[in-house]
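# Notes for the structure review
Given next are the chains, with one letter for each unit.
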Amino acid sequence: MDDKDKGRRDFLYTVATGMGVAGAATAAVPFVRSMQPAADTMAASTTEFDLASLSPGELKVIEWRGQPVFVLHRTPEMIKEIRGHNQMLKDPQSRAIPEVQAVWMKSEAQRIDRSIRPEYLVISAVCTHLGCVPTFKPTPGQKDWGNSVPSDWPGGWHCECHGSYYDLSGRVIKGSPAPYNLHAIPYKYLHDATVLIG
Amino acid sequence: MIERMLNTRLAGWIDERTNAVSFIRYHLIDYPTPKSLNYWWAFGSIALVILIIQIVTGLFLAMNYKASTVATGGGFTVAFDSVERIMRDVNYGWLIRYMHAVGASSFFFVIYLHMARGIYYGSYKGPREVLWLIGVALFLIMQSTVFFGYLLPWGQLSYWGATVITNIFGATPVIGPWLTELVRGGFSVGDPTLTRFFALHFLFPLVLFAIVILHVLALHKTHSNNPTGVEQKSKKSVIPFHPYYTVKDLFGIGVFLIIFAYFVFYNPTGFGYFMETDNFSPANPLHTPGDISPVWYLTPWYEILRMIPSKTGGILALNLAFILLFLLPWLDRSPVRAATYRPVFRQMVWLFFVAILVMGYCGHHPVTPVYNLIGRIAGGVYFGFFLLLPFVHKFENPKPLPEEEGA
């Protein structure tokens, strides 16, 4: 073959191969996208919850996107408690990772309470250690819970699988195997008594 | 650039342990190919590209398809609904489904042209008999694959097409009814039939792919035929496969992809031939649609089945039609390969192709006296072609063959 034209030949080969690679990448996109959640899965991505169904102090565990979610109607005592024990928490301001933060955390109070309004907590129920659903132990101290909780127990959740503790905002307590607070999830108020999760 | 990659130390290391580089050089780069190949030789590589498209789109469809006839209300089933979900909810599901449907028709269109090349240019003659046999076997496997696949959407034509064709097994003497029940997994086409057809439809294309490899290996042993039909043995009459035929084949594939893209994006139902209208209705086991005929690429064979007025006779005729195809290398006794140089054979071949088209046309329509008659005449031409072949060389005066190029 003629070496005079080698430069032109190389150019043509490079451009043609480049187009081929671009074409292959473009063709791959629909196939990869088809593996992502389909429209019906995405439509099932929100759940409504009627807050009026909770009496003060009551916890419900509901399902959202196939995962468990805590919805808790906090009493005034509970709200006071969560604002007073930062020293026993690993991440009192919920700043460690993006998953413990949420778009709706606009004020400092919302960040501490980890809720849009302090009376209702809507938080992920998946322990950030290895994924169990922690047990609700709302009253402070050891009177109701015995040795399963430490003597300075503020009230919250105790994960029975490996012994992690969370307060009534879902913030992880020091000494727990779990590294992070319970993850925050997107939700909003549709009206005063109804939230839309997701 | 490929040369540079093959000459690296890594390539050498791999080659020492696998012969991979020598294999690639022999079969894809240095493979001596006649200079004179025209674009009728491009259909083989195009068919391979379509097979790969079908396997990839099929795999992604299988990620969302559900083979179950459990009713979901209103005559719909889980299977039918899962196809609609792919069309509406799965991201780009509509595109993948349309590619698979258009791909199926494209596959048969290309293979028919590929086979036509083989018949016209005498590529079936010695020493390429085994290549031809493997090819006809591949064609039959393709037909089985498409038959299994067509049931999956569980539409009206899916159900009734499967019912009619599985009924054919009932004509086998002695074990007929037992065999039909065995194939169906029940007394009629139903859920067991659907699940096993899904499994078989997934498997067969992979078997096809493996046998295609054998097909290419057989080709590479005897080397390609060419439009003159005269073996090109001298060094001056052959050129290396790469870059000449890699680039030419890529061009052919490019033209194909343009036409393919037109149908996928602007006409996926192919005027009702690629995706038949009746199959958009869910299967109703209690009502057969008025005009029932197979998809266009199976209509010639369906017409052969129908043209004999007896059930067993029709099945025997269909079997014979395929057996004759297998026997082609031994029925044709002329030493001249290409129809270009065989005046009698050339006319016969064109008549043969037209007959297949006519049978296909008749097979698409319901049985009326006119279509029946025309179909039978065409069938006569089809079988006549094979029956006449052994005698043609005796009275044919072939034209003088061209000299081997560069000899």
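Residues numbered from 1 in each chain as written. Chains lettered and ligands numbered in written order. Predicted model: local features only at pLDDT ≥ 70, side-chain atom pairs only at ≥ 80, totals over all residues. Heavy atoms only, no water.

### Some words on the state of the cysteines
The bond known as a disulfide is covalent and runs between the sulfur atoms of two cysteines. Residue and element names in this part refer to chain A. Under the definition given, this model contains one disulfide over all chains. Bridging Cys132 to Cys161, the disulfide has an S-S length of 2.1 Å. Its torsion about the S-S bond being -100°, the disulfide of Cys132 and Cys161 is classed as left-handed. Of the two residues, Cys132 sits in the loop between strand 4 (120–124) and strand 5 (135–137) while Cys161 sits in the loop between strand 6 (156–159) and strand 7 (164–167), which places them 29 residues apart along the sequence. For Cys132, a relative accessible area of 21% puts it in the partly exposed group. For Cys127, which is in no disulfide, the shortest distance to another cysteine sulfur is to Cys159 and amounts to 3.8 Å. For Cys159, a relative accessible area of 2% corresponds to the buried category. (Disulfide = S-S within 2.5 Å. Helix = DSSP H or I, 4+ residues; strand = E, 2+ residues; numbered from the N terminus. Buried < 20%, exposed > 50% of the residue type's maximum accessible area, 1.4 Å probe, protein only.)

### Remarks on the sheet that holds strand 9 (residues 194–197) of chain A
Residue and element names in this part refer to chain A. One open sheet accounts for three strands, arranged 1-9-8; its pairing is antiparallel. Each edge of the open sheet is held by one strand with a lone partner, namely strand 1 (47–50) and strand 8 (187–191). Strand-to-strand, the axes of this sheet are offset by a mean angle of 30°, without reference to chain direction. Where strand 8 and strand 9 come together, four bridges link them in antiparallel fashion. Paired with Tyr187 across the bridge in strand 9 is Ile197. (Pairing = 2+ DSSP bridges. Axes fitted to C-alpha atoms, helices over the stretch in contact; angles between N-to-C directions.)

### What about the side chain of Gln54 of chain B?
With respect to the secondary-structure elements, Gln54 of chain B resides in helix 4 (residues 43–62). Once residues within four sequence positions are removed from consideration, Gln54 of chain B is found in contact with Met99, His100, Gly103 and Ala104 of chain B. (Contact = heavy atoms within 4.5 Å.)

### Regarding the pairing of strand 3 (residues 67–73) of chain A
Two faces, one strand: in a regular strand the side chains alternate between the faces of the sheet. Residues and elements named next belong to chain A. The element strand 3 is largely enclosed, with a buried count of five among its seven residues. In the sheet, strand 2 (residues 59–64) pairs with strand 3 via six bridges, with the strands oriented antiparallel. Directly across from Glu63, in strand 3, lies its bridge partner Pro68. Connecting strand 2 to the next strand, strand 3, in antiparallel fashion are two residues, including Arg65 with a positive phi near 50°. One ladder, built from five bridges, connects strand 3 with strand 4; its direction is antiparallel. When the bridges of strand 4 are listed, Val69 appears paired with Ser124.

### Digging into the packing of helix 1 (residues 6–35) of chain A against helix 6 (residues 93–120) of chain B
In contact at an axis separation of 9 Å, helix 1 of chain A and helix 6 of chain B are set at 120° when each is read in the N-to-C sense. With respect to each other, helix 1 of chain A and helix 6 of chain B are oriented oblique. When you trace helix 1 of chain A past helix 6 of chain B, the crossing you get is left-handed. Each of Pro30, Phe31 and Ser34 of chain A in helix 1 of chain A lies in contact with helix 6 of chain B, whose residues at this interface are Leu95, Ile96 and Met99 of chain B. For the contact of helix 1 of chain A with helix 6 of chain B, the per-class residue count stands at five nonpolar, one polar and no charged. (Parallel < 35°, antiparallel > 145°, perpendicular 65-115°, else oblique. Left-handed = near helix turned anticlockwise from the far one by under 90°. Nonpolar A, V, L, I, M, F, W, Y, C, P; charged D, E, K, R; others polar.)

### What to know about the side chain of Glu303 of chain B
Residue and element names in this part refer to chain B. Mapped onto the elements of the fold, Glu303 is located in helix 12 (residues 299–307). Using a relative accessible area of 2% as the deciding quantity, one classes Glu303 as buried. Not counting chain neighbours up to four residues away, the residues in contact with Glu303 comprise Met359, Cys362, Gly363, Tyr371 and Gly375.

### Side note on the sheet that holds strand 5 of chain A
Residue and element names in this part refer to chain A. Sheet architecture is open: three strands sit in the order 5-6-7, paired in antiparallel fashion. Strand pairing shows two members of the sheet lacking a second neighbour, strand 5 and strand 7, which therefore form its edges. Sheet twist, expressed as the mean angle between neighbouring strand axes with direction ignored, is 25°. In this structure, strand 6 lies alongside strand 7, joined through four bridges in antiparallel fashion. The residue bridging His158 from the neighbouring strand is Tyr165, located in strand 7.

### Describing helix 13 (residues 311–331) of chain B
Residues separated by three or four positions in an α-helix point in the same direction, a consequence of the helix having 3.6 residues per turn. Residues and elements named next belong to chain B. For helix 13, built from 21 residues, the straight-helix expectation of 30 Å at 1.5 Å per residue is met to within 8% by its first-to-last C-alpha distance of 28 Å. Bending of helix 13 peaks at approximately 40° at the position of Leu325, with proline Pro329 no more than four residues after it. Listed in full, the buried residues belonging to helix 13 are Gly313, Gly314, Ile315, Ala317, Leu318, Ala321, Phe322, Leu324, Leu325, Leu328, Pro329 and Leu331. Packing partners of the buried residues in helix 13 comprise helix 6, helix 7 (129–151), helix 8 (156–168), helix 12 and helix 15 (369–395). The backbone nitrogen of Gly313 lies 2.7 Å from a side-chain oxygen of the residue at the head of helix 13, namely Ser310. (Expected span 1.5 Å × (residues − 1). Bend = angle between axes of the 7 residues up to and from the residue. Polar contact = N/O pair within 3.5 Å; in protein donor to acceptor, adjacent residues only side chain to side chain.)

### Notes on the packing of aromatic side chains
Counted according to the given criterion, the structure contains 47 aromatic pairs over all chains. Ring geometry for Phe136 of chain A versus Trp157 of chain A: centroids 5.4 Å apart, planes at 40°, classification tilted. Taken together, the residues Phe136 of chain A in strand 5 and Trp157 of chain A in strand 6 connect sequence positions 21 residues apart. Trp157 of chain A shares its class with Phe136 of chain A; the two are buried. Measuring from centroid to centroid gives 5.9 Å for Trp350 of chain B and Phe353 of chain B, while their planes differ by 90°, and the two rings are edge-to-face. One end of the pair is Trp350 of chain B and the other is Phe353 of chain B, both in helix 14 (residues 343–364) and three residues apart, which spans about a single turn. Taking the relative accessible area as the measure of exposure, Phe353 of chain B reaches 17% and is therefore buried. (Phe/Tyr/Trp six-rings, centres within 6.5 Å; stacked < 30°, edge-to-face > 60°.)

### Overview of a nonpolar patch on the surface
Residues and elements named next belong to chain B. On the surface, Phe23, Ile24, Leu28, Leu48, Ile52, Val56, Phe209, Ile213, Leu214 and Leu217 cluster together to form a nonpolar patch covering roughly 820 Å² of accessible area. At the level of secondary structure, the elements contributing two or more residues to the nonpolar patch comprise helix 3 (20–29), helix 4 and helix 10 (191–222). When residues of the nonpolar patch are assigned to their parent elements, the largest contribution, four residues, is made by helix 10. The residue Leu28 is located in helix 3 in this model. For Leu28, a relative accessible area of 47% translates into the label partly exposed. (Patch = residues over 30% accessible without salt bridge, like charges linked within 9 Å, V, L, I, M, F, W, Y side chains within 5 Å. Areas by Shrake-Rupley, 256 points an atom, 1.4 Å probe, with all protein chains shown as cover. Salt bridge = Lys/Arg side-chain N within 4 Å of Asp/Glu carboxyl O.)

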